[in-house]
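# Per-entry structural report
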Amino acid sequence: QVQLVESGGGSVQTGGSLRLSCVVSGSGNIFSIDSMGWYRQAPGKQREEVVTFNANGNANYADSVKGRFTFSRESAKNAVYLQMNSLRPEDTAVYYCNANLRGWDGRRVTAPATYWGQGTQVTVSS
């Protein structure tokens, strides 16, 4: 059973920093992770991509966060992170961790599937 557990959200003033974490549990059910990323959704808006990291090792950032946000991972801890610096009010949103992965049922690799974390609230005040 795969779960993505997020933490690190909170409230900061403009210019502050936060570090979000996402721990992937249920590693015994995982064969491979094809990609991971962070998305966010503000009230009344569509969910948008913040950064994605694929199997080729490429991190692709949205223009709105490039230079301020940094994606990283610690494979041994089954964790990924999003360091957010120079935060702005427009960064206020619920942030979601995402993973596209293939499972292992004990006999074969399962079809690719997408998993989402529960979301963590980030609020930036001016």
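Notes on the structure in this doc start here. This is a predicted model, so every value here is computed, not measured.

### Considering the side chain of Thr52
Mapped onto the fold, Thr52 is located in strand 5 (residues 48-54). Ignoring any residue separated from it by four or fewer positions in sequence, one finds Thr52 in contact with Met36, Gly37, Tyr39, Asn58, Ala59 and Asn60.

### Looking at the sheet that holds strand 7 (residues 69-74)
Across the sheet, which stays open at both edges, the four strands sit in the order 1-3-8-7 with antiparallel pairing between neighbours. Across the chains shown, the open sheet's two edge strands, defined by having one partner strand only, are strand 1 (3-7) and strand 7. Across the sheet, the axes of successive neighbouring strands diverge by a mean angle of 15°, strand direction being ignored. Relative to strand 8 (residues 79-84), strand 7 runs antiparallel, the two sharing six bridges.

### Quick word on the state of the cysteines
Per the stated rule, a full pass over the model turns up one disulfide. Each sulfur in the disulfide pair Cys22 and Cys97 lies 2.3 Å from the other. Around the S-S axis, the bridge from Cys22 to Cys97 shows a dihedral of about -85° and counts as left-handed. Taken together, the residues span a long stretch of sequence, with Cys22 in strand 3 (residues 18-25) and Cys97 in strand 9 (residues 93-103) at a distance of 75 residues.

Calculation rules
Residues numbered from 1 in each chain as written. Predicted model: local features only at pLDDT ≥ 70, side-chain atom pairs only at ≥ 80, totals over all residues. Heavy atoms only, no water. Helix = DSSP H or I, 4+ residues; strand = E, 2+ residues; numbered from the N terminus. Contact = heavy atoms within 4.5 Å. Pairing = 2+ DSSP bridges. Axes fitted to C-alpha atoms, helices over the stretch in contact; angles between N-to-C directions. Disulfide = S-S within 2.5 Å.

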